[in-house]
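Breakdown of the fold
Here is what each chain is made of, one letter per residue.
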Amino acid sequence: MSARIIDGKAVAATLRAELAARVATLPYQPGLTVILVGDDPASAVYVRSKDRAAKEAGILAQTIRMPADTAQAALLADIARLNADPAVDGILVQLPLPNHIDAQAVIAAIDPAKDVDGFHPINVGALAGGQPGLVPCTPAGVMKLLRHAGANLSGARALVLGRSAIVGRPVAALLLAADATVTIAHSRTRDLAAECRRADILIAAVGRPEMVRGDWIAEGATVIDVGINRLADGRLVGDVAYTECAARAGAITPVPGGVGPMTIACLLENTVEAAIARRG
Ligand code: GUN
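Residues numbered from 1 in each chain as written. Predicted model: local features only at pLDDT ≥ 70, side-chain atom pairs only at ≥ 80, totals over all residues. Heavy atoms only, no water.

1. As for the sheet that holds strand β5 (residues 157-161)
Cut-off, in case you're wondering: When DSSP finds at least two bridges between two strands, those strands are taken to pair. Helix and strand definitions here come from DSSP, where helices need a minimum of 4 consecutive H or I residues and strands a minimum of 2 consecutive E residues; each element is numbered from the N-terminal end. Whether two residues are in contact is decided by their heavy atoms: any pair within 4.5 Å suffices. A fitted line through C-alpha atoms serves as each axis, taken over the contacting stretch for helices, and the angle formed by two N-to-C directions is quoted from 0 to 180°.
An order of β1-β11-β8-β7-β5-β6 is seen for the six strands of this open sheet, with the pairing classed as parallel. Pairing within the sheet leaves two strands with one partner each, and these edge strands are β1 (4-5) and β6 (181-185). By the bridge criterion, five bridges tie β5 to β6 in an arrangement that is parallel. Across the sheet, L161 pairs through a bridge with A185, a residue of β6. Strand contacts of helix α6 (residues 137-148): β7 (201-204) and β8 (222-225), with the helix running at about 150° to β8, the strand carrying the most contacts. Its contacts with the sheet place helix α7 (residues 168-177) against β5, β6 and β7, and it is angled at close to 170° to β5.

Below, the structure is given as structure tokens:
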């Protein structure tokens with residue numbers, strides 16, 4: 001079997017166009033503020049992309065750039081000001097933060113209704129408890145790609161490779177909410193290959209280049225690769241050995257052009273949803 005390619009770039013473009021059309025019907029402009037502390041080059045690229053995509057969708061976007069030696073108290077003061085600003089519907093603090101800042105304390109200071117990353121403990125708890133709330137963007141994007149691929153989630157065996165707070169855990173919660181039978185595998189899992197081979201749906205989110213091999217994939221499985229790894233030779237690869245796995249999978253996401261574009265599209269969707277929830 002040769003897998004269908006799940007075109008995340010196209011799905012994201014459609015979602016962004018739909019969001020722009022929806023924003024145009026609102027009697028107000030949803031507002032998104034992104035905070036970048038320090039000068040991590042990768043973070044700077046992500047933040048620019050988020051700002052540009054938000055503006056293209058008609059969102060009132062602004063980026064606050066703060067120096068790497070910013071005191072935690074100064075960052076918290078900015079968040080308090082944004083929490084109180086009625087024109088701001090979404091607040092996103094780009095991670096990682098410099099080491100002297102307690103990221104959990106910063107996330108917890110964001111108004112949960114404006115937490116468009118879905119990282120606040122209130123939103124994390126809502127997702128874990130199967131309650132409505134703002135859902136992290138990459139996991140939300142993964143679910144949209146599965147639905148776009150026509151994956152039958154109810155009763156399916158889903159294997160989530162990776163247990164991070166940003167991807168693995170929330171993806172597992174969303175798959176469970178969609179009635180999949182969910183296994184979370186991680187670095188301590190015994191016989192990872194055998195666990196993967198049982199899966200109808202495999203989500204790889206470990207950050208290890210091409211770790212998932214072709215003979216780990218069940219014939220016809222749907223494979224979503226969340227990994228983005230830069231190799232020494234400059235190539236960008238996922239957590240999945242693409243060519244090998246595509247030979248067995250039923251459907252698979254490429255890297256780049258799979259999950260990556262969905263993250264920003266879902267951030268825009270969260271911002272619009274947060275605005276509508278707050279302002280009606
Ligand atoms: N850094 C890497 N991914 C993310 C994300 O989804 N949100 C934020 N805030 N920072 C990140």
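2. Quick word on unusual backbone geometry
Going by this rule: Burial classes: relative accessible area under 20% of the type maximum marks a residue as buried, over 50% as exposed, and values in between as partly exposed (1.4 Å probe, protein chains only).
At the junction of L95 and P96, the peptide bond is cis and its omega measures out at 0° in the coordinates. Tracing the backbone through its elements, the reader meets P96 in the loop between β4 (90-93) and α4 (103-109). Here the residue pair V255 and P256 is connected by a cis peptide bond, since its omega of -5° sits within 30 degrees of zero. Phi angles above zero are rare outside glycine, and D179 is one such case at about 70°. Assignment of secondary structure puts D179 in the loop between α7 and β6. With a relative accessible area of 51%, D179 lands in the exposed category. The residue E210 is not glycine, and still its phi comes out positive at about 50°. With respect to the element layout, E210 can be found in the loop between β7 and β8. With a relative accessible area of 26%, E210 lands in the partly exposed category.

Geometric values such as these leave the question of function open.
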